[in-house]
Each structure stands twice: as structure tokens, then as C-alpha cells.
Amino acid sequence: MPKGLQKYLRLQAMPTPFCPGCGHGMLMTAILHAIDEAGLDINNMVFVSGIGCAGWIPSPHFNADTLHTTHGRPIAFATGVKLANPELKVVVISGDGDLASIGGNHLIHAARRDMPITVICANNSIYGMTGGQASSTTPIDAISKTTPSGNIERPFDLCRLVGASGAGYVARYSVVPLKPLIKSIITALNHNGFSFIDVLSPCPTYFGRMNKMKRPVDMFDDLKKRCKKIKKGEKSEEGVIPIGVFVE
Amino acid sequence: MGKLVALTGNIAVATAMRQINPDVCAAYPITPSTQVMEQFSEYVADGLVDTELIATESEHSAMSACIGAAAAGGRVMTATSSQGLALMWEMLYIAAGMRFPITLACVNRALSAPINIHGDHSDSMGARDSGWIQIYAENAQEAYDNQIQTVRIAEHMDVRLPVMSCMDGFITSHAIDSLELLDDKTVRDFAGEYKATHPLLDVEHPVTYGALDLQDYFMEHKRAQAEAMKNSRKVILDVAREYKKLSGRGFEYFEEYYMDDAEIAIVILSSAAGTVKVVVDAMRAKGEKVGLLRPRVFRPFPYNELSDALSNVKAVAIMDRADSHGAEGGPLFMEFKSALYNNKKQPIMINKIFGLGGRDLMLPDIETVYRELRDIKNTGKIRTVSEYITVRGEEAAYGKA
């Protein structure tokens with residue numbers, strides 16, 4: 001974590017509980033960097049998170065108001081926060097299992113009603129906290145604790161889902177490299193309406209080790225290789241993960 | 001003598017499920033019960049069972065899918081804990097009201113907030129009025145034994161109610177224990193084949209489940225459900241006796257430890273009873289007449305048998321690993337108080353709330369409770385009816401007499 005950003009952290013709560021090679025620490029840096037660069041006052045922000053590894057990104061680490069809620073419901077809690085005090089900038093930071101699986105209904109409805117909050121989904125394609133079970137974003141054929149012979153269910157494309165639900169800003173980036181992600185978070189935070197970023201963050205401990213990417217660096221290399229910007233209307237090739245801004 | 005193995009409580013339960021070979025399992029991962037379904041999904045992947053397993057998107061969906069599968073005539077099982085059971089709440093009542101013999105392994109864990117993943121009984125105690133039969137296990141062996149018995153109890157034609165088989169999170173679910181397994185054929189024969197009575201998809205006999213039922217018949221249906229719960233008393237007893245013949249193990253409604261001549265006693269559920277036994281042994285060695293009563297069946301509450309078991313005791317501490325804020329004490333305490341109300345001989349009763357969120361209950365803590373009971377027995381005076389123990393701050397005590 002760069003020295004200049006440490007003022008945003010509760011240093012007594014460090015180190016984070018993230019495994020070696022987890023992308024969530026990088027996403028944490030990217031979010032704080034974006035807040036700093038956008039010149040936002042963290043005292044006027046509320047960070048809402050759910051259950052799962054990603055719920056730990058803001059809570060208890062951010063030196064700001066944080067609301068750590070139940071599994072799948074942070075967007076519903078955040079809706080309440082925003083309605084009670086519209087002056088606050090409300091940011092939901094949680095995982096794919098939380099926001100898109102158990103809490104998928106809240107995600108599409110907040111997008112539909114254009115609730116002015118920012119949702120950052122730390123997407124590691126798996127339930128990490130409970131030990132690596134398939135979630136609604138686990139790719140087909142991927143091995144997990146609940147799909148030992150390969151996943152047979154199709155994953156969500158969260159950007160298409162949230163975009164189709166009416167969100168005003170929808171983007172996808174991975175935690176490598178960090179710069180375009182930071183830029184996207186700044187745009188999302190300044191967006192006047194519902195904004196959503198699907199952040200690809202590797203889980204080497206569970207996803208990587210079960211899927212032939214034994215070292216954390218293998219997962220980062222894989223993301224670097226497969227994430228590509230796709231022009232509007234263009235079809236992506238097999239295996240490519242389209243990144244960039246999809247709705248603005 | 002069966003096969004002696006070393007397993008965690010979760011894997012013991014998953015093994016029982018494999019041996020029973022249910023038709024459908026629907027579940028969602030939650031600590032500390034996750035391992036049950038993880039292990040079971042390996043059995044499915046390896047073709048050791050014929051079960052259709054679905055990893056749903058929430059526990060609400062998991063129990064909904066279980067109900068659907070049971071309505072279609074399947075033998076159905078699931079596992080969950082804490083918030084997962086809480087999210088199933090709405091569906092728990094539906095499962096019981098529709099009289100589906102679904103069985104659920106409940107790995108007890110505290111309820112949020114604040115977030116806590118460790119063992120206490122807040123989750124299943126909150127579900128005590130949902131119409132599910134509830135059985136509590138002390139250790140992995142009993143969790144395995146109970147799991148096998150659940151199908152027989154649930155599916156009995158005089159019952160047809162869902163059964164929740166509970167064990168303590170982490171202490172029982174994750175610790176490796178030595179236990180004896182029955183062989184697959186014995187379990188399969190004991191469980192028998194499930195025959196659904198009025199399944200969907202029987203085109204010759206179309207049925208409707210869950211339809212509107214107002215002032216005209218709702219109450220009769222609820223009464224029928226209450227009668228089924230009453231009927232389960234005998235069935236639980238019969239099944240426990242039959243299982244004991246088969247395995248040489250097990251208890252009926254409760255376990256008594258040195259209760260014959262006990263003057264003071266502790267009543268406690270699940271794994272903490274194991275710790276209490278150590279204290280009982282030590283105090284008995286010094287000639288003190290102390291005993292332990294560990295209920296196994298909480299719903300239906302065997303009030304006659306349990307109150308009889310306590311009728312010769314002078315003072316008893318009911319120890320609750322859950323609280324009912326604003327009530328006179330924890331849920332177990334309240335059950336015992338009302339159970340003993342009609343007894344001519346009544347012990348003096350106190351209540352201790354312990355172990356919330358997995359806080360350890362140590363040997364000296366239990367000894368302190370027995371010492372307090374001894375003083376109560378000698379003086380007839382109660383200091384406090386109900387209080388939290390092993391907790392910081394005097395202000396945490398409440399319900400002072």
C-alpha cells in the first residue's frame with residue numbers, strides 16, 4: 001500500500017486476512033487511490049459490504065464509515081443508507097458470490113431503479129471464504145469443491161446482466177494492470193446514478209490451485225493474456241475476457 | 001462391532017447421507033456446515049450415490065428446491081448453519097406445513113450481528129416453533145447415528161414431518177473424532193425405501209400442495225400437524241431402540257450421567273456435556289452427589305420423562321447456549337420450567353447462559369456452577385435466577401432475583 005494512502009486505513013486492523021497472491025489487496029489499493037485522486041472526502045463516504053472475502057476489503061480496514069452486512073444484502077442496506085442521507089457517497093464492495101449469486105436480485109433491481117450508488121464486485125469466480133465452491137460466475141468446466149468433475153452450469157456475464165437492467169455506468173477490469181481500473185473507479189464514483197464495475201481478482205488459493213494455475217503469478221499471467229478491450233459490436237474470440245467500459 | 005474410523009462430525013454426517021443414498025440434495029455453502037455438502041458432492045462425482053445434487057444460489061432456494069423435490073416424491077436432504085438456517089426460515093414452516101419428511105443436518109452456529117462463525121444454539125433454537133423435529137448430538141458418533149435415524153422418524157406414516165439433526169459448529173463439525181460406522185448395507189436396510197404418499201407427477205392422482213386454506217380448514221390442518229409432532233414421541237423412541245439393537249449405541253430422549261442419586265445436576269445440550277462429564281467424574285471421586293442430564297430430543301420436548309428425571313434433584317442449573325432476550329432465561333430453561341410446573345416435587349432451578357459465539361466453557365466454570373448449586377441446596381436461597389457466565393463485566397448479568 002503506497003504511503004500516501006495509509007491515512008485511509010485503520011493500521012491497527014492490518015495486516016489484511018487475504019491469502020498470498022489474492023487480488024483483493026490490489027483492488028483495495030485501487031479504490032483508495034481512486035478516492036484520493038478524485039479528491040473525495042472519505043468522511044462523506046459509506047462503504048457497505050456483505051459476506052465473503054471481498055467483504056473484508058473495506059471492513060474493518062477503511063478508516064471510514066463501514067457497514068458489514070449479511071450475505072447477499074449489501075446493496076439493499078446501501079439503498080437504505082442512500083435514502084436516509086442522500087448527501088453521502090455510498091459504495092458497495094463485495095464479491096461475486098455475494099452480489100451476483102445469493103444477492104443477485106438486489107443487484108438487478110438497484111440497477112433498474114438507477115439507485116445512485118457505486119457497486120464494485122470483486123469477482124474471483126468462486127466462493128472463497130467457505131473454501132472454494134462453485135458460484136454463479138464459475139466458468140464452465142472449472143473444478144471447484146462442489147464441482148469436482150467440472151462445472152456444468154453457465155456463468156453470468158455480470159456486465160451484460162447489469163447493463164441490461166438499466167445501469168448508467170458498467171465496466172469490467174482486472175486488477176492487472178491497476179491504472180485503467182483506478183480510472184474506471186473514479187468515473188464510477190463521479191457517476192450520477194447506478195454505477196457498476198466487475199473487477200476480476202484472482203483467487204490462487206482455491207480457484208488457481210484447483211484449475212492448473214498453481215502459483216499466484218500463473219493467475220495474473222492468465223488475466224493479462226485473456227483480458228482484451230473489445231470494440232462495440234465486435235465479437236470476442238474464444239477464451240478472451242472482454243474488458244473496458246460497456247455502458248456510459 | 002462396526003468399523004472404527006477417525007472423521008470430523010461433518011464427514012461423519014456426509015457418510016451417513018452416502019449410506020442412505022437420498023434422491024435429491026440441494027444446498028448452499030455456509031461455515032461450518034459446508035464440508036457436509038463438499039464431501040457429499042465428491043460421492044456424487046464418484047458415482048457412489050444416485051443423488052441429484054444442486055448447489056443453489058442461496059439457502060432460501062436450497063430449502064425451496066428440497067420442498068419441490070419432496071413434493072415430487074423424493075427422499076431429500078440438506079445441511080446448513082446459522083444465517084443459512086435463518087434464510088430458510090420461511091421455507092422451514094412450508095416444509096413442516098406440507099408435511100414433507102425432509103432431513104436437515106444443522107451445524108449449530110451463532111447468528112449475526114456481529115458476525116460470528118462459531119458454535120452456539122441461536123440458529124436452531126430460533127427455529128424451534130417451525131414444526132421441525134429437533135435432535136441434538138454430543139459428538140461425531142452421535143451425529144452419525146442421529147443422521148441415520150432421522151429418515152426413519154421423518155418418514156414414519158404417523159409423523160411425516162421434517163427433522164433437524166443438530167451438532168455443535170467446529171467443536172463437533174470440524175474436530176476429528178473416533179467413531180464406529182455401520183456397514184453400508186446395514187444402514188440401507190435400516191433406512192429402508194422411501195414411499196411418498198401423495199407425490200406430484202402421479203398423473204392418475206393429481207394433487208395440490210399449499211393452496212389457500214382460510215378460516216374453514218386451516219386450523220384442522222395445523223392441529224393435524226401438532227398431532228403428528230405428538231406421534232413422533234413414540235416413533236423417536238422406537239427408532240432409537242431399534243438402532244441400539246443394531247449398533248449397541250445411542251440414547252432415547254436424553255442421556256443421564258450419574259443421575260440416580262444426584263442431589264444437584266446440570267442440564268446441557270450437545271458437545272458441552274462432554275466437558276461437564278469430566279467435572280462430574282472429578283467431583284464424584286470426592287464423594288459429591290452431582291449429575292448431568294443431556295437432552296437429545298428438544299422437539300418434541302419430552303416433558304414428562306425429563307421432569308421425572310429431575311424430580312429427585314434438589315437444585316439444578318439449566319445451561320443454555322442461546323438466549324431469548326427479555327424472557328426469564330434461555331429457551332431450554334423455559335422448557336424445563338414449564339415441564340416441571342405440574343410436578344409435586346420440584347428442584348430449585350437456575351439458568352446460565354454460556355458459550356455464545358463459541359466461547360469456551362472450561363472445567364473450572366462448570367465446577368463453579370456445581371458449587372453454586374451446592375450452596376443453593378444447603379441454604380435454599382437463589383442469588384440470581386438467570387445470568388451470563390464466562391462473560392466480561394458485572395453489567396452483563398441480568399434477571400437478578
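Visitor: An account of the nonpolar core is requested, with residue identities and associated values reported.
Guide: Among the nonpolar cores identified, the biggest contains 98 residues, and Met63, Ile102, Tyr144 and Phe336 of chain B are the most heavily contacted of them. Residue contributions to this core reach at least three from each of two domains, namely domain 1 (3-247) and domain 2 (254-400) of chain B. Residues within four places of Met63 of chain B in sequence aside, it is in contact with Thr78, Met88, Met91, Leu92, Ile102, Leu104 and Trp132 of chain B. Counting residues in each nonpolar core, the second largest holds 43 residues, with Leu32, Ile42, Ala64 and Ile186 of chain A among its members.

Visitor: How would you summarise unusual backbone geometry if you had to cite specific residues and measurements?
Guide: Residues and elements named next belong to chain A. Omega for the peptide link from Met14 to Pro15 comes to 0°, which places this bond in the cis form. Secondary-structure assignment places Pro15 in the segment before α1 (24-37). The omega torsion of the bond from Val176 to Pro177 falls at -10°, within 30 degrees of zero and hence cis. When you line up the elements, Pro177 lands in the loop between β5 (169-174) and α6 (179-190).

Visitor: Break down the layout of surface pockets for me, with residues and values.
Guide: One number sums up the size of the largest pocket: a volume of about 1200 Å³. Listing elements by their share of the lining of the largest pocket, those giving two or more residues are α5 (158-164), β6 (195-200), α8 (216-226) and β8 (241-247) of chain A.

Visitor: Outline a nonpolar patch on the surface, listing residues and values.
Guide: Taken together, Leu200, Leu201 and Val207 of chain B make up a surface patch of nonpolar side chains, about 270 Å² in accessible area. A residue is classified by how much of its surface remains accessible, and Leu200 of chain B, at 32% relative accessible area, is partly exposed.

Visitor: Tell me about the interface of chain A and chain B, residues and numbers included.
Guide: The interface of chain A with chain B comprises 18 residues on the first partner and 16 residues on the second. Carbon and sulfur atoms supply 64% of the area that chain A and chain B bury against each other, a total of about 1200 Å² over both sides. When the area that chain A buries against chain B is broken down by residue, the three leading residues are Ile102, Thr130 and Thr146 of chain A, summing to 32%. If you look at where chain A meets chain B, you find five residue pairs in polar contact (both at pLDDT 80 or more). Element by element, the count of residues in the side of chain A that touches chain B is highest for helix α3 (residues 96-102) of chain A, at three residues. Residues that form the side of chain A that touches chain B fall into these classes: four nonpolar, 11 polar and three charged.

Visitor: Describe the sheet that holds strand β1 (residues 45-49) of chain A, and please don't skip the residues or the numbers.
Guide: All names here are of chain A. An order of β2-β1-β3-β4-β6-β5-β8-β7 is seen for the eight strands of this open sheet, with the pairing classed as mixed. On the outer flanks of this sheet lie β2 (65-68) and β7 (227-229), each paired with one strand and no other. Strand-to-strand, the axes of this sheet are offset by a mean angle of 20°, without reference to chain direction. Two elements, β5 and β6, share six bridges in a ladder whose sense is parallel. Residue pairing for β6: Arg172 is matched across the bridge by Asp198. Helix-sheet contacts for α8 involve β5, β6, β7 and β8, and the interaxial angle to β7 is about 25°.

Visitor: Go over the domain arrangement of chain B, please, and point to the residues and values.
Guide: Residue and element names in this part refer to chain B. Partitioning chain B into structural domains gives domain 1 (3-247) and domain 2 (254-400). For domain 1 and domain 2, the distance between their C-alpha centres works out to 28 Å. Carbon and sulfur atoms supply 53% of the area buried between domain 1 and domain 2, which totals about 2200 Å² over both sides. Summed over the three residues of domain 1 that lose the most area to domain 2, namely Arg128, Glu138 and Arg233, the buried surface amounts to 29% of that side. Between domain 1 and domain 2 we count four salt bridges in total. The shortest N-O distance in the salt bridge between Glu142 and Arg296 comes to 3.9 Å. For the interface between domain 1 and domain 2, the tally reads 16 residue pairs in polar contact (both at pLDDT 80 or more). Those elements that provide at least two residues to the side of domain 1 that touches domain 2 are α5 (122-126), β6 (133-136), α6 (140-155) and α8 (218-247). Considering every element that reaches the side of domain 1 that touches domain 2, the biggest residue donor is α8, with five residues. Residues belonging to the side of domain 1 that touches domain 2 are distributed by class as follows: 11 nonpolar, 10 polar and seven charged.

What counts as what
Residues numbered from 1 in each chain as written. Chains lettered and ligands numbered in written order. Predicted model: local features only at pLDDT ≥ 70, side-chain atom pairs only at ≥ 80, totals over all residues. Heavy atoms only, no water. Core = buried A, V, L, I, M, F, W, Y, C linked by side-chain atoms within 4.5 Å. Buried < 20%, exposed > 50% of the residue type's maximum accessible area, 1.4 Å probe, protein only. Domains from an automatic or database assignment. Contact = heavy atoms within 4.5 Å. Helix = DSSP H or I, 4+ residues; strand = E, 2+ residues; numbered from the N terminus. 1 Å grid on protein atoms, 1.4 Å probe; cavity = no way out; pocket = protein on both sides within 12 Å on 5 of 7 lines; lining within 4 Å. Points joined across faces, edges and corners; volume = space filled by probe spheres on them. Patch = residues over 30% accessible without salt bridge, like charges linked within 9 Å, V, L, I, M, F, W, Y side chains within 5 Å. Areas by Shrake-Rupley, 256 points an atom, 1.4 Å probe, with all protein chains shown as cover. Salt bridge = Lys/Arg side-chain N within 4 Å of Asp/Glu carboxyl O. Buried area = accessible area lost by both parts, 1.4 Å probe. Polar contact = N/O pair within 3.5 Å; in protein donor to acceptor, adjacent residues only side chain to side chain. Nonpolar A, V, L, I, M, F, W, Y, C, P; charged D, E, K, R; others polar. Pairing = 2+ DSSP bridges. Axes fitted to C-alpha atoms, helices over the stretch in contact; angles between N-to-C directions.

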